[in-house]
Structure formats: structure tokens, C-alpha cells
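Inside the fold
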Amino acid sequence: VFEAASGYRKNLGAGVMIDVNGWRALHAVDNALAERFPVPGTLGPTPACAAHVRLRAKGILMRPSRYMNELGELMAFQEPPVDHERNLRNDSGVRLLAHGHTPMVLHWGDIRQALFEALPPGVVSFSSRVVGLTPGLPGGEPAVLELQAPEPQLEPQPDQEPEQVQEAQEQLPASGGSGGLLRRRLVTADLVIAADGYYSRCKRMAFGASGAPLLPTFRDKVVWRAVVSYSGLDQMPALLRDACGRGEAMWWLAEGVPPRRTLLVYPVNDNRFVWTCVAPVADIEGAGMPPWSPYKSAVQDLGIQLAGNVGDDPKHRCTAVFRHHPREVLDLLERTDPVLITEHGYYTHDMAAIQGAPDWVRGNVLVVGDAAHTGPPDGMGLNMAWEDAVVLAAEIGRRGGRCGREALEAYCAARLPRVRDMWSEDDLVKPRRRAAKLAAAFEPLVRDSSGRDRTAPPQEQAQEVQPTPQVPPPWSLLPPPPPPPLSQQKQQC
């Protein structure tokens, strides 16, 4: 695994919703790995989950989101409740019922760390940037990666000759050290799996891609994200304290369908909140700020975007655009450490235009995850990336480990309908997506896996579908629900 970053930053990134389909895929890949994500203590362990000891304990069982206009007034459309207890067990608490899993929000840093720790030491090579990629030919020439990494530096020992220092220098791993010099090396592979996000450098190099439909389209919006920590409940504004007690996400929506601007705030573990703001680029200039562009130069190359812009300027732009929101929201934005704010353009693929293998396979290179199918930032991306992983491994396994063209095309044929099921609806309810999530089923990759009953819908899974709510006029309002008692908030938080 080649990572361009020098390491993983703990508090960078947003919270991620792991949904029913994501849990099933993770159990299919490695049941032991999935069992690192234990059920939160608010529910208590079930017999089927007794070995769970780690990450799910850091998760939040989210209740339905609260939808408000930009003045903080409740809208008439609200999500139906989520019955986490029923999702996980039946009345006797012995067998899994309903869907076998339940949606949960965790911070991305916690998820990534659990996955990283599950790998043998040395598998992840940090500070290894891909600067060249030749896709090769299936069954013929291998793919060739050109990697750039910092040149490790050795201090000469008193008894060493210069030639000995140079010889020792050449033996150092390419990803080590922190020197200012850079060196390059070549790596060959039967299969390169490009999971490098929707700015995918690998896809641009292997496909020669420079625009849609291979690359996602800039939607003339900008996204800001950050995580904010509080030392305790007494430090939180009442609005956030209530949300923490309920395990509730809060949306502030501007006018329009889809809304022109959105602001989302939700709790994660350890008294932390993640916020995500999305607004048209024009709103930045409308707030009196200089014009903003996602490109680093006048040449609008999707490969040189401001993908990780951080610091005071992004914070000033965000607070200027959302300056008319309720005071509690502005306090949250102003409290945020500028170093933890990321700013980037809003990009999505046109799912109707994606064709599968022609867009995802080139030679011995396969793109997966956001690099293959960038959807809106609605929490489904990680779940679909995990689905990609288990389906790809299954197709290769069926062919005795051969990762040739036949396996890759079978993978693409299986994934394309799932991608369209997940991202083909514009309405808030998304019945097609809901049905696809609950129908997700995967074969465990390990024979005789103890988690086999957790990779597909249980036999007891309820067949009824939630009735589709009738969406009222978008700006009709409801009175706010009463907050839970403070003692309950502390217990749940």
C-alpha cells in the first residue's frame, strides 16, 4: 500500500456512517477485522458480538437527523426513527434480527487506524507518491509504478569512509527518512488497485483522463470540513448538548431542491463534533471575499486541485458564507482550529454515464472507491469502497487467484448496478438505495468463517419496507422536540 502522506493524522477528516451494507462487506473480507469494531455500550454486547472489543465502542448510534432552515426552525420533513435494538437482536437477545447490523457513525481517523493496525508491519509505505504509471497488458506486460519518496539521510560514523556511507544509504527503504532530497524507484505489479480518491492521480496517468465522464465533474460548490472537541458537556452550547444526548445529526438547509447551501453537524465519540459546510462558489464572493477556484493554476487540470487547503483563509471564507446562521453554529465554526479545516471543490461522477469496465479498467490497473464512483458526501462512499473490496477479491478467488481481464470485467459487471442503485435518486427518501442497502449479501472470503451469518440478510430479516414519507412543502415548520434530561444526555454521550 503506497501512501503519499508521511503518516496518518489523528483528528483530520470527518465522521463516517458505516451502514448495514458496509458492515456485511467488512465481515466478508475478514470477520476478525470486523470484530475489532464492537457494539456501543449503550446497547450492550449480544452473544453474536461478544468478542467485539474495539472500534464500535467509539461509535455513535445515530438517531434520525433534525432538519432545519437557516434560521434554525424545524422543517416538516423529518426522517423516520431508527430502531437500533431491533436491528441487532430479537426479544430474547439470542439471535440477530432484522438486518443483523445497524448504522453507526465513527470518526474517519478511528476507522483508518483500525484498518492500519490490522495489516502486518511494513505493508503501508508512507511518503511514497506515485508520479508515473504504465498500465501494461493483461496476461502480458505488468503494470509499472514510478514512486517518488524522500531520500533517507544517514549520519556518517567516525570510522566510516564516504564510500561506506553511500553504500549504506542505498540500502535504506525508500519510504524512510525525512531528508529534503527526493529519489525515484520503479515497482512492477500484476494488478494495481487505484483507491486514491476522486482526484485519482493513478486514473489520470493510466487512462490519460482529463475530464468527464472518466473524472468527476466540478459542481461549482466548495466543501469545508472539520472536527471540534469539547472538554465536557458543560462546555457545549445547549443545542449541541441536546444533539449529543440524542445521538442526532443536525442539518441547516437553504432554499432550493437540492438546497443551495447545507450545513451538517453531528457528534462522534469523546465529546467531538464533525461539521461539513457546502455552498456555491459564488457565495464566497457574495460575502465580500476574493473569488475562489479549485484549481492551482490558470490551466484547469483536475490533477492539480486545492484538495487539502487548510488554515485561516478557508476558515474565514466558511464563516463569512455562513455568517447568518444561528449563534450556536457560528460559535462551533469559530471554535475550530484552522489547521483542522479542509477545503476542496465539490465533485461527483455522472452515475448514468459510467459504463463499468471502460471507465474502471485500463491494462492491469483497476480503479475502485471514489476514484471509480464519486457520489455526494452523504456517507455512502466508504461502504461502497468496502463492497468493491469484497467483490473484487471474490472474483479473483473464483479464478484461482488470477487477476486477469476476465476477473476484472466480472467485477465491473457486478458493481455497476450497485453503483446506480446507490446514487440514482435526487430525493431525500431514496427508497431504491434503502432497498439496495438491506439486500446487500456477500460470500465470506475465508472458508468456514465464523462471521458467515453476518455477511448477508438474516433469515429473520423483516420483509416490510418503511412507508415512503410524503414530503410536505419544504419550508413548513414543526415545533422543536423537548430535550432529554441532562442526566440522560451525559449517559448517552
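Shown above is the structure to which this text applies.
Attention here is on the structure that accompanies the text. Note that the coordinates shown come from a computational prediction; the quantities given were computed from them, not determined experimentally. (Residues numbered from 1 in each chain as written. Predicted model: local features only at pLDDT ≥ 70, side-chain atom pairs only at ≥ 80, totals over all residues. Heavy atoms only, no water.)

**Some thoughts on the nonpolar core**
How we decide: To define a nonpolar core, start from buried Ala, Val, Leu, Ile, Met, Phe, Trp, Tyr and Cys residues and group those joined through side-chain atoms within 4.5 Å. In this scheme, a residue with accessible area under 20% of its type's maximum is buried, one over 50% is exposed, and one in between is partly exposed, where area comes from a 1.4 Å probe on protein chains only. Whether two residues touch is decided by their heavy atoms; if any such pair falls within 4.5 Å, the residues are in contact.
Core analysis: the largest hydrophobic core is formed by 55 residues, its most contacted members being Trp360 and Leu366. Leaving out residues up to four positions away in the same chain, Trp360 has contacts with Phe207, Ile354, Val365, Leu366, Val367, Ala372, His373, Cys412, Arg415, Leu416 and Val419. Ranked by size, the runner-up nonpolar core spans 37 residues in total, among them Val228, Cys277, Tyr295 and Phe322.

**Considering the environment of Asp427**
Basically, it comes down to this: A run of DSSP states H or I qualifies as a helix once it reaches four residues; a run of E qualifies as a strand once it reaches two. Both are numbered from the N-terminal end.
Here Asp427 lies in the loop between helix H13 (405-422) and helix H14 (431-439). Owing to a relative accessible area of 35%, Asp427 belongs among the partly exposed residues under this scheme. Taking C-alpha positions, Asp427 is 8.2 Å from Pro258, a pair spaced 169 residues apart along the chain.

**Thoughts on the packing of helix H1 (residues 20-29) against H14**
Helix-helix packing: each pair is described by the crossing angle between the helix axes and the interaxial distance. Threshold: The axes used here are C-alpha line fits, helices contributing only the stretch in contact, and every angle between their N-to-C directions lies in the interval 0 to 180 degrees. Working rule for angles: under 35 degrees goes down as roughly parallel, over 145 as roughly antiparallel, 65 to 115 as roughly perpendicular, anything else as oblique. Rotating anticlockwise by less than a right angle from the far helix to the near helix defines a left-handed crossing, while the corresponding clockwise rotation defines a right-handed one. The classification used treats Ala, Val, Leu, Ile, Met, Phe, Trp, Tyr, Cys and Pro as nonpolar, Asp, Glu, Lys and Arg as charged, and all other residues, Gly among them, as polar.
Look at H1 against H14: their axes get within 7 Å of each other, and the N-to-C directions meet at 25°. The orientation of H1 relative to H14 falls into the category roughly parallel. Every pair of crossing elements has a handedness; the one defined by H1 and H14 is left-handed. Across from Val20, Asn21 and Arg24 in H1, the residues of H14 making contact are Lys437, Leu438 and Ala439. Taken together, the residues that form the contact of H1 with H14 break down as 3 nonpolar, 1 polar and 2 charged.

**A word on the side chain of Thr455**
Keep this limit in mind: Under the rule applied, a polar contact is a pair of N or O atoms within 3.5 Å (in protein, one hydrogen donor and one hydrogen acceptor; residues adjacent in sequence only if both atoms are side-chain atoms).
Tracing the chain through its elements places Thr455 in the loop between H14 and strand S16 (477-478). In terms of polar contacts, Thr455 uses its side chain to reach the backbone carbonyl oxygen of Phe442, at 2.9 Å. Residues within four places of Thr455 in sequence aside, it is in contact with Arg24, His27, Ala28, Ala440, Ala441, Phe442 and Pro444.

**What about the sheet that holds strand S8 (residues 192-194)?**
Our working definition: In this description, strands pair whenever DSSP reports at least two bridges between them.
Read across the open sheet, the 3 strands follow the order S8-S15-S14; overall the sheet is mixed. Of all strands in the sheet, those with a lone pairing partner are S8 and strand S14 (361-362), marking the two edges. In the sheet, S8 pairs with strand S15 (residues 365-367) via 3 bridges, with the strands oriented parallel. Looking at the pairing, Val192 lines up with Val365 of S15.

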